[in-house]
Amino acid sequence: MSKTGNITFTIIKPGAVSNEHIGDILQKVTNAGFWIAAMKYIKLSNKQAEEFYRVHSERPFYNDLVKFMTSGPIVVAVLEKDNAVDDYRKLIGATDPSKAEEGTIRKLFAESIERNAVHGSDSNDNAIIESNFFFSRSERFTKDGDFLTFSPCGC
Ligand code: CMP
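Participant: Mind showing me how you'd approach the overall build of the protein chain here?
Facilitator: Within the protein chain one finds seven helices and four strands. The order of α-helices and β-strands along the protein chain, N terminus first, is β-α-α-β-α-α-β-α-α-β-α. Relative to the compact-globule value of 15 Å for 155 residues, the protein chain shows a C-alpha radius of gyration of 15 Å, a close match. Taking the contacts inside the protein chain whose residues are at least 6 apart along the sequence as the reference set, 70% of them involve residues at least 24 apart.

The structure is reproduced here in C-alpha cells:
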C-alpha cells in the first residue's frame, strides 16, 4: 500500500524515444531512488492524447502538443519514492529545457519546450489521476511484489 505523496506519473515522450534515450532516462530515474511501480510502451490515439492533455485545451500549443504526443511510441510509468512529485520535478528540470538546471533529464535529453523529453505530474492528486488513466491496480507493483494501491481512494 502506498500512502499519498509517494507516487508520481511520467511519460518518456516520442522525441526522447526516437533519439534512443529510454535507457538513459530510466537509469537516471532508478539511480535517483525511484521504484518503477508500473510501465508500458504504447502509442497514444488522438482521443487519448486529447483527453490526457485536456487541461491545456485552450492553450495555443494544444493541437501541436497532441500531434507530437501521437507521433510515435511513448513509455508511460508510475514511479514510487518518498516525496515523489517534487523530487521527480527536480530530477527532470524546468518545462523549457533552456531554463532547466545542468544534469536534469530535460537539460540532457530535451530538444525544445514542445519536445521536452519527459512529462512529470504537477501534484499528488494529478499523479493518481494520471496513473489511473493508464494503469489498473493489477498492473502496478510494490518493490515487495504486491499490487500497489493508492490511498486514500483505495483504487
Ligand atoms: P508536459 O509536462 O507534458 O505538460 C504539458 C506540455 O505542454 C509540456 O510538458 C510541454 O511539452 C508543453 N508546453 C508547455 N508550455 C508550452 C509552451 N509555452 N509552448 C509549447 N509547448 C508547451
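Moving on, there is more to tell.
Participant: What should I look at first to understand the environment of A49 in this one?
Facilitator: Checked against the element boundaries, A49 lands in helix α3 (residues 46–52). A49 gets classed as buried once you count the C-beta atoms within 10 Å, which come to 20. Along the primary structure A49 and K67 are separated by 18 residues, whereas in three dimensions their C-alpha atoms are 8.5 Å apart. Leave out the neighbours within four places in its chain, and A49 touches L44, V66, M69 and T70.

Participant: What is the right way to look at the nonpolar core in this model?
Facilitator: For soluble globular proteins, nonpolar side chains are generally found buried alongside one another. In terms of nonpolar packing, the biggest core is built from 36 residues, with L79 and V118 touching the most fellow members. With near-sequence residues (within four places) excluded, V118 lies in contact with T10, I11, I12, K13, A16, I25, I92, I105 and R106.

Participant: Looking at this structure, how should I read unusual backbone geometry?
Facilitator: Even without being glycine, E20 reaches a positive phi, approximately 65°. Relative to the assigned elements, E20 resides in the loop between α1 (14–18) and α2 (22–31). Judged by the 8 C-beta atoms lying within 10 Å of it, E20 falls in the exposed class.

Participant: Any chance you could explain the site of the ligand here in plain terms?
Facilitator: Every residue close to the ligand is listed here: H56, F61, L65, T95, I113, E114, N116 and H119. Among the residues forming the shell around the ligand, the class breakdown is three nonpolar, four polar and one charged.

Participant: Looking at this structure, I do not really get the environment of L44. What am I missing?
Facilitator: Assignment of secondary structure puts L44 in the loop between β2 (35–42) and α3. For the pair L44 and T70, spaced 26 residues apart in the sequence, the C-alpha separation amounts to 5.2 Å. When residues no more than four places from it in sequence are discounted, the contact partners of L44 are A49, M69, T70 and I74.

Participant: Looking at this structure, I do not really get the sheet that holds strand β1 (residues 7–12). What am I missing?
Facilitator: Within a beta sheet, neighbouring strands are joined by backbone hydrogen bonds and run either parallel or antiparallel to one another. Here we have four strands laid out as an open sheet, ordered β2-β3-β1-β4, and antiparallel in their pairing. Whereas interior strands pair on both sides, the edge strands pair on one side only; in this sheet they are β2 and β4 (118–120). Strand-to-strand twist across the sheet, computed as the mean angle between neighbouring axes with direction ignored, equals 15°. Where helix α7 (residues 124–134) meets the sheet, it contacts β1, β2 and β3 (74–80), and its direction lies at approximately 55° from that of β1.

Participant: Could you clarify how one ought to interpret α7 in this entry?
Facilitator: Every α-helical turn comprises 3.6 residues, leaving residues that sit three or four positions apart pointing alike. Every buried residue belonging to α7 is among A127, I128, E130, S131 and F134, and all of these are buried. Its buried side turned inward, α7 meets β1, β2, β3 and α5 (84–92).

What counts, and at which threshold
Residues numbered from 1 in each chain as written. Predicted model: local features only at pLDDT ≥ 70, side-chain atom pairs only at ≥ 80, totals over all residues. Helix = DSSP H or I, 4+ residues; strand = E, 2+ residues; numbered from the N terminus. Rg over C-alpha atoms; globule rule 2.2 N^0.38 Å. Contact = placed C-beta atoms within 7 Å. Buried ≥ 20, exposed ≤ 12 C-beta atoms within 10 Å, placed from the backbone. Core = buried A, V, L, I, M, F, W, Y, C linked by C-beta atoms within 7 Å. Near = placed C-beta within 6 Å. Nonpolar A, V, L, I, M, F, W, Y, C, P; charged D, E, K, R; others polar. Pairing = 2+ DSSP bridges. Axes fitted to C-alpha atoms, helices over the stretch in contact; angles between N-to-C directions.

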